[in-house]
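Here are the chains, one letter per residue:
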Amino acid sequence: MSVFPRLEPRLPSVSKPIQYVGGELNSTVKDWESVDVRWALMYPDAYEVGLPNQGVQILYEVLNEREWILAERSYAVWPDMEAVMRAGDEHGPIPQFTVDAHRPVRDFDVFGISFSTELGYTNLLNALDLAGIPLHAVDRGDDDPIVLAGGHAAFNPEPISDFVDAAVLGDGEEVVLAISEVVREWKAEKQGPGGSAMTRDELLRRLAVSENIYVPKFYDVAYAEDGTIEAVVPNKPGIPFRVRKHTLMDLDAWPYPAKPLVPLAETVHERFSVEIFRGCTRGCRFCQAGMITRPVRERSLQTIGDMVENGIRTSGFEEVGLLSLSSADHTEIGEVAKGLADRYDGTNVSLSLPSTRVDAFNVTLANELSRNGRRSGLTFAPEGGSVRMRKVINKAVDEDDLIRTVATAYENGWRQVKLYFMCGLPTETDEDVLEIADLATKVIAKGREVTGQNDIRCTVSIGGFVPKPHTPFQWAAQLDHVTTDERLKKLRDLVRADKRYGRAIGFRYHDGKPGTIEGLLSRGDRRVGAVIEEVWRDGGRFDGWSEHFSYDRWAGAAERALAGTGVDVDWYTLRERDYDEVLPWDHLDSGLDKDWLWSDWEDALAVAADPDAVPEVEDCRWTPCYDCGVCPDLGTEIQIGPTGKQLLPLSVV
């Protein structure tokens, strides 16, 4: 069943052939005939981006731990490999394959794709076509795998509803096992008496009635004359009106990945990552991840320590990333950092945190994390350039606190600081963005003052804001790419014109066009599927890569595909929505109360007009409940320390 004998002779003709070979440390290959259910898991990007993905690695391990389930991995192939595969040999084209045993993806029961960004949609279509799986779900038969979408983008899968059979909302660890049980039962009944009734639709129906799995074909969408959605309703008895996200409540019971994959080729992250908690309650209005992963659920000190030790022992990695949406917010982060730093003191193991909130940073924590590593830099994310904008987005980072924090870092040996901002936030003006330059110069000036050195650096990194579903900004108008580019050019020119500090300030940003397309895909409805297909047929691949992205291709495809519908790219992106409008994802329940989201959107507009009009929405772990709806609606609760457990010394583990 392996296509490797056909593939191997052609590997010397493609770039980075090692990415297609497989056999990584901790990878798994099982006997095909010894299992009941078979999964092909795909991250729809290149190997170097996809292999480190935490979500895919977790599901890969969870599934393969069950004797009756087999899971293998697949990644998007580069254009040169695609050409080789389509050219094929005397047996025909070489199909999309897994890297573990090089089996054709079409032979699996479930083809699961995890989307971190909507710009991977064209890679999905390419993989389906290469695999020989019908592009449209309605054309698939009982012998085709169930095409299943997951990840953050699955919270609005409507733009790809023509191409996927189902979508999973929320945490996947328990859901993939439940899906596997349903598939196993369906396959067994299909082989028995009355097996003719076990159609593909019957399998999808069984998945849909669970209320945690969305099957687009069982829902009809009606559009009003003005182009908006009139209603989304089930078209089959027993199908729920709303599909609810699944929340994993006991992270300690699921300490994955326990055996991280070690890449054969260079990847974007060369480290072992441990998720120390899941969810966020900070309430940043722009942040989809923080909203859809509520509530906060922390891992205990003991579990974190065990995961780090096991991961290092089984992988050989020397860097450990302590990951979450805001890792320094773990209630016992000090104990975690000190315990791990003590355990690995004098070894080659180093610890790292992702972007840190200014108000969560302290030098003691940073010193513990860098005890065995070099102090390469610190990253903070004020997000908004002015105080007013930071209040609008509910990330009220005080400028004095930021300068004081950065000064403390410089005093303690750091020489590089990275500040992350967004451009195009609701109610933003040129002046709001230009204040970024003023903030960066103050950071450099303060660093030189406290150190007496001129080797201080500050890098300003700016991303374009894209309104996302299930956030208070889901109703907001997106800034057009022309204005975005003009605004960022003014900022760049202002920084470069500063003869005293400009050379010490790095400036990184991307043009606004990819953000416009991401906005189209993130808030689009089913009509956008025709645009995606048109782009793919026109050669669209790897749209998350600047060298492959083509705005003209997307604009032309949208003009053709949306002709006669009364809607266009501007309608999806530049238009502000009203409360009464049915949004494409309203039938998909993230647990957040729509009235609460709308109220928070109104608060943002009020703060924009008067920065003192509405108080900041604070972390709900320490304040009264803000009634976002997640805990009562989903039957969940915030889970935080103290755990009362000690991080055992290395010799005891």
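Thresholds, definitions, all that
- Residues numbered from 1 in each chain as written.
- Predicted model: local features only at pLDDT ≥ 70, side-chain atom pairs only at ≥ 80, totals over all residues.
- Heavy atoms only, no water.
- Helix = DSSP H or I, 4+ residues; strand = E, 2+ residues; numbered from the N terminus.
- Rg over C-alpha atoms; globule rule 2.2 N^0.38 Å.
- Buried < 20%, exposed > 50% of the residue type's maximum accessible area, 1.4 Å probe, protein only.
- Contact = heavy atoms within 4.5 Å.
- Salt bridge = Lys/Arg side-chain N within 4 Å of Asp/Glu carboxyl O.
- Pairing = 2+ DSSP bridges.
- Right-handed = clockwise from strand over helix to strand, strands pointing away.
- Axes fitted to C-alpha atoms, helices over the stretch in contact; angles between N-to-C directions.
- pLDDT = per-residue confidence, 0-100.
- Core = buried A, V, L, I, M, F, W, Y, C linked by side-chain atoms within 4.5 Å.
- Phe/Tyr/Trp six-rings, centres within 6.5 Å; stacked < 30°, edge-to-face > 60°.
- Lys NZ or Arg CZ within 6 Å of the ring centre and 35° of its normal.

A.B. asks: Give me the lowdown on the overall build of the protein chain, citing residues and values where you can.
C.D. replies: Helix and strand counts for the protein chain stand at 21 helices and 19 strands. Taking 653 residues into account, the globule formula puts the C-alpha radius of gyration at 26 Å, and the protein chain, at 25 Å, falls close to it. Projected onto its principal axes, the C-alpha coordinates of the protein chain cover approximately 80 × 65 × 55 Å. In the protein chain, which comprises 653 residues, the share counted as buried stands at 59%. Once local pairs closer than 6 in sequence are excluded, the contacts in the protein chain between residues at least 24 apart make up 78%.

A.B. asks: A description of the pattern of salt bridges should follow, citing residues and the corresponding values.
C.D. replies: Evaluated as defined, the whole model comprises 57 salt bridges. With its nearest N and O atoms 2.7 Å apart, the salt bridge here joins D165 to R200. Linking D165 in the loop between β4 (146-150) and β5 (166-168) with R200 in helix α7 (residues 200-208), this pair joins segments that are 35 residues apart in sequence. On the basis of relative accessibility, which here comes to 4%, the residue D165 falls in the buried class. When the shortest N-O distance is used, the salt bridge between R621 and E298 registers 3.9 Å. Within this pair, whereas R621 is found in the loop between α20 (594-609) and α21 (630-634), its partner E298 is found in strand β12 (residues 297-298), the two being separated by 323 residues in sequence. One exposure class covers both R621 and E298, and it is buried. Through salt bridges that share partners, D171, E173, E275, R278, R297 and R299 make up one connected network.

A.B. asks: Please set out the pairing of strand β3 (residues 110-114) residue by residue, giving values where relevant.
C.D. replies: Most of β3 sits out of view: five of its five residues are buried. The alternating pattern of β3 places V110, G112 and S114 and F111 and I113 on opposite faces, both of which are buried. Note that strand β1 (residues 37-43) and β3 share four bridges and pair parallel. In the sheet register, M42 faces β3, and the bridge partner there is I113. Note that β3 and β4 share five bridges and pair parallel. Its bridge partner being in β4, V110 is matched across the sheet by I146. Between β3 and its parallel partner β4, the chain crosses via helix α5 (residues 121-131), and the hand of that crossover is right-handed.

A.B. asks: Please provide a residue-by-residue account of the sheet that holds β1, values included.
C.D. replies: In space, the six strands of this open sheet follow the order β2-β1-β3-β4-β5-β6, with mixed pairing throughout. Every interior strand has two partners, whereas the edge strands, β2 (69-75) and β6 (213-214), have only one. Of the strand pairs in this sheet, β5 and β6 are connected by two bridges, and their pairing is antiparallel. Along β6, the bridge assignment pairs A167 with Y214. The sheet contacts of helix α6 (residues 173-191) involve β1, β2, β3, β4, β5 and β6, and relative to β1 the element is tilted by about 140 degrees.

A.B. asks: If you had to explain the pairing of strand β7 (residues 219-223) to someone new, which residues and values would you point to?
C.D. replies: Direction of pairing for β7 relative to strand β8 (residues 229-234): antiparallel, over a ladder of five bridges. Residue pairing for β8: A222 is matched across the bridge by A231. Counting the residues between successive antiparallel strands, the hairpin from β7 to β8 contains five residues, one of them, G227, with a positive phi of roughly 95 degrees.

A.B. asks: How would you summarise the side chain of E82 if you had to cite specific residues and measurements?
C.D. replies: Mapped onto the fold, E82 is located in helix α4 (residues 79-87). Beyond its immediate chain neighbours, meaning those up to four positions away, E82 contacts V77, N126, L130 and R541.

A.B. asks: Please set out helix α16 (residues 513-522) residue by residue, giving values where relevant.
C.D. replies: Most of α16 is tucked away, with eight of its 10 residues classed as buried. Restricting attention to buried positions, one finds in α16 the residues G515, T516, I517, E518, G519, L520, L521 and S522. Against the buried residues of α16 lie α5, α15 (481-497), α17 (529-537), α18 (551-561) and α19 (569-573).

A.B. asks: Lay out the confidence of the model for the protein chain in plain terms, naming residues and giving numbers.
C.D. replies: Considering every residue of the protein chain, the mean pLDDT works out to 93; 97% of them sit at 70 or more. Per-residue pLDDT stays below 50 along residues 644-653; that stretch engages in 20 contacts with residues further than four places along the chain or on separate chains.

A.B. asks: Explain the environment of P159 residue by residue, including any values.
C.D. replies: Examined against the element boundaries, P159 turns out to sit in the loop between β4 and β5. Taking the relative accessible area as the measure of exposure, P159 reaches 1% and is therefore buried. Expressed as a C-alpha distance, the spacing of P159 and G524, which sit 365 residues apart in the sequence, is 5.8 Å. Residues in contact with P159, not counting those within four places in the same chain, are Y121, L521, G524, D525, V528, G529 and I532.

A.B. asks: Lay out the nonpolar core in plain terms, naming residues and giving numbers.
C.D. replies: Across soluble globular proteins, nonpolar side chains show a tendency to be buried alongside one another. Counting 114 residues, the largest nonpolar core has W39, M81, F111, L124, I160 and I179 as the members making the most contacts within it. Broken down by element, the residue count for this core peaks at seven residues, all from α5. Discounting chain neighbours no more than four positions away, the residues touching M81 are L7, L11, V14 and Y20.

A.B. asks: Break down the environment of G339 for me, with residues and values.
C.D. replies: Structurally, the position occupied by G339 is in helix α10 (residues 333-343). The spacing of G339 and V168 is 171 residues in sequence and 37 Å in space, taken between C-alpha atoms.

A.B. asks: How would you summarise the packing of aromatic side chains if you had to cite specific residues and measurements?
C.D. replies: Any two aromatic rings considered together are summarised by their centre-to-centre distance and by the angle between their planes. In this structure the tally under the stated criterion is 15 aromatic pairs. Ring centres 5.1 Å apart and planes at 50 degrees place the aromatic pair Y214 and Y219 in the tilted group. Here Y214 matches Y219 in class, with each residue buried. Both rings, one in F465 and one in F473, keep their centres 5.8 Å apart while their planes meet at 85 degrees; by these two values the pair is edge-to-face. Here the two residues F465 and F473 agree in accessibility, since each one is buried. Members of the aromatic cluster, each reached through a chain of ring pairs, are W78, F542 and W545. For the cation-ring pair, R73 lies above Y60, with the distance from its terminal atom to the ring centre recorded as 5.1 Å. When the ring centre of W68 is taken as origin, the NZ or CZ atom of R184, which lies over that ring, is 3.7 Å away.

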